[in-house]
Amino acid sequence: MWVIVTGLKACSYERAEALQLLRQHPGARMMIFPTANDMLQFVIHRLPRVTDQVVPHTHPMPQEGVMYDITYDSSFIQAILAGDFRKVWLMIISVPTLLINDMSHPRVYNARGETALHIAARVGSVEICTCILEAVSSTMFVASYQGHQTPMTYAMSEKLLDLYLNSPERHNYDTPLHLAAQCGWSCIVRLLVSYPQCEIKRNKWGLLPQDIVCVRATRANGTRAIRATITGMIEDSYFVPLIRTESDLEPPHIGEPFTRRNPPGLMDRTGDKLAPRQRITAFAGPMTHAQAVQFRKMWQKPPRLIIIATKKQNTPTGSWYTDHNQSYVCSISCKIFDKTNMTESAGYVMRDFRKSNLTTGMERLGRQIARGVNVQWREYWPFLRVYCDLAEPFGLQLFEMYLAERVRTTEGELSTNSIAIGGDIRSAENVYALFAIKHVEVDGSIYPYVNLWKHSIQYLLSMA
């Protein structure tokens, strides 16, 4: 059973906690939902469904969203300090003004001028930091703040992401990267520098983030290994991009490793009206320069098979020879193959796949390599209008919200086409998205529409 207090004073699955908050806030109302999904649908659509069990005398939220109330601040900050990711996420998607103020800038929460990202980076909650950054970089979230999508939605989303990543607080002029570095939160540093928009700035005392690594860290976070890891991530943050042209008029290619200070030089073809524009559709990083070079090499040139030669016996020269039953060894996995199973090697499969899947083959290969070497991966999904890893929790949440909105626009009709990208279950985009989350076990209680969509796509592919 999940409980939500009207006005988002709290969202909890504990009745006792909700009742305690009701006593603390006179005039508040409580709504009870049998599952987390039912509560989520209420939060997303602002209106209860017929199946919701609503306590009498409660009032539905307005369709245009919940207005900001200063009393939300304490509950929101307490959730961040407690690391309550689920509560923070529900509050953010229900009240976008918790992140965006009336001037369309990041909302500040204390006299030091700290935003929600500053606070989350200081306390070490990587899940909440991810939630905040993915939210402000999503045009769907910004459109919910504006009431509807406008021509300025994309520009506003880019501006908010830049401000959240690079805005200093007012006391020491520390950015979120400064705070995460000095507290020794390597996972948050990795998250922040994974955004090419993140800048390496000096604070009030002229110090860069790498100059104050672990100065306020606990003993557990201040080890020599963590110091070296954080310093390396900040100083050597390289990314490997995948570059495509509009409508794929030219074959995609993997760009040279780049840093945030030296972004990839996409060819300027403004003088040629017929030349297609180039764009980055995916990128992996951050990495050190050596790692980025190796990653690009693996992405661009899959591992090859090396012939195993045998040394002749009882010969003075001891020469080497190969016979008709020669064997091969993979240059990466070191597995042995022969002529009967050489087509099963990673390099052969990758080359064959890349040739036969020019549309998304490069993204799938890059995604698999990034997962194998434990590197951050982001790609652009046109239907979500955001760069994200669809297999991560927030990517799944955005996907769930998209499908829920599709169902709402079809007046609640549950069909294969209503729960599909673009309204057509047989479109290629559905297959591309399936490959991105194929290895993920989707929890049907948290992501019901994504779970239903995934089973529908898998069934159609099995019947093909």
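Scroll up to find the structure.
The shown structure was predicted, so the numbers you read here are calculated from the model rather than taken from an experiment.

Trainee: Quick rundown of the packing of aromatic side chains? Include the residues and the values.
Mentor: By convention here, two paired aromatic rings are described through the distance between centres and the angle between planes. Within the structure shown, the criterion is met by eleven aromatic pairs. Centre to centre, the rings of phenylalanine 283 and tyrosine 387 are 6.0 Å apart; their planes meet at 45°, and the pair counts as tilted. Taken together, the residues phenylalanine 283 in strand E6 (residues 278–287) and tyrosine 387 in strand E13 (residues 386–388) connect sequence positions 104 residues apart. Accessibility expressed as a relative area gives 9% for phenylalanine 283, which makes it buried.

Trainee: Account for the sheet that holds strand E4 (residues 238–245), naming residues and giving values.
Mentor: Strand order in the open sheet made by the five strands is E5-E4-E6-E12-E13, with antiparallel pairing throughout. Of all strands in the sheet, those bounded by a partner on one side alone are strand E5 (253–254) and E13. Sheet analysis places E6 next to strand E12 (residues 377–381), joined by three bridges and oriented antiparallel. Paired with alanine 284 across the bridge in E12 is tryptophan 377.

Trainee: I'd love a proper account of helix H15 (residues 393–409), names of residues and values included.
Mentor: Between its terminal C-alpha atoms H15 stretches 24 Å, which fits the 24 Å expected from 17 residues at 1.5 Å a residue. Buried residues dominate H15, accounting for twelve of its 17 residues. Listed as buried for H15 are Phe394, Gly395, Leu396, Gln397, Leu398, Phe399, Glu400, Met401, Tyr402, Leu403, Ala404 and Val407. Phi turns positive one or two residues past the end of H15, at glutamate 411, with a value near 60°.

Trainee: Hey, could you go over the environment of isoleucine 419 for me, with residue numbers and the actual values?
Mentor: In this structure, isoleucine 419 sits in the loop between H15 and helix H16 (428–437). Spatially, the C-alpha atom of isoleucine 419 lies 9.3 Å from that of glutamate 405, the residues being 14 residues apart in sequence.

Trainee: For the pattern of salt bridges, give the residues involved together with the corresponding values.
Mentor: For the coordinates displayed, the defined rule picks out eight salt bridges. Between glutamate 114 and arginine 122 there is a salt bridge whose closest N-O contact spans 2.8 Å. A single salt-bridge network, built from bridges that share partners, covers Arg112, Glu114, Arg122 and Glu169.

Conventions we followed
Numbers given for residues are sequential positions, taken from 1 along each chain in its written order. A pLDDT threshold of at least 70 governs which residues receive local features in this predicted model, and a stricter bar of 80 or more applies before side-chain atom pairs are shown or counted, although totals over entire chains, interfaces and linings include all residues. Hydrogen atoms and water are omitted, and side-chain values are computed over all heavy atoms in the structure. Classification of ring pairs uses Phe, Tyr and Trp, with its six-membered ring standing for Trp, and accepts pairs whose centres are within 6.5 Å; under 30 degrees between planes counts as stacked, over 60 as edge-to-face, and the remaining range as tilted. What counts as a helix is a DSSP run of H or I of at least four residues, what counts as a strand is a run of E of at least two, and both are numbered from the N terminus. For the exposure calls, accessible area comes from a 1.4 Å probe over protein chains only, and a residue counts as buried if that area is under 20% of its type's maximum, exposed if over 50%, partly exposed in between. Between any two strands, pairing holds if DSSP finds at least two bridges. An expected span of 1.5 Å times one less than the residue number is assigned to each helix. Within this document, salt bridges are pairs made up of a side-chain nitrogen of Lys or Arg and a carboxyl oxygen of Asp or Glu, the two lying within 4 Å of each other.

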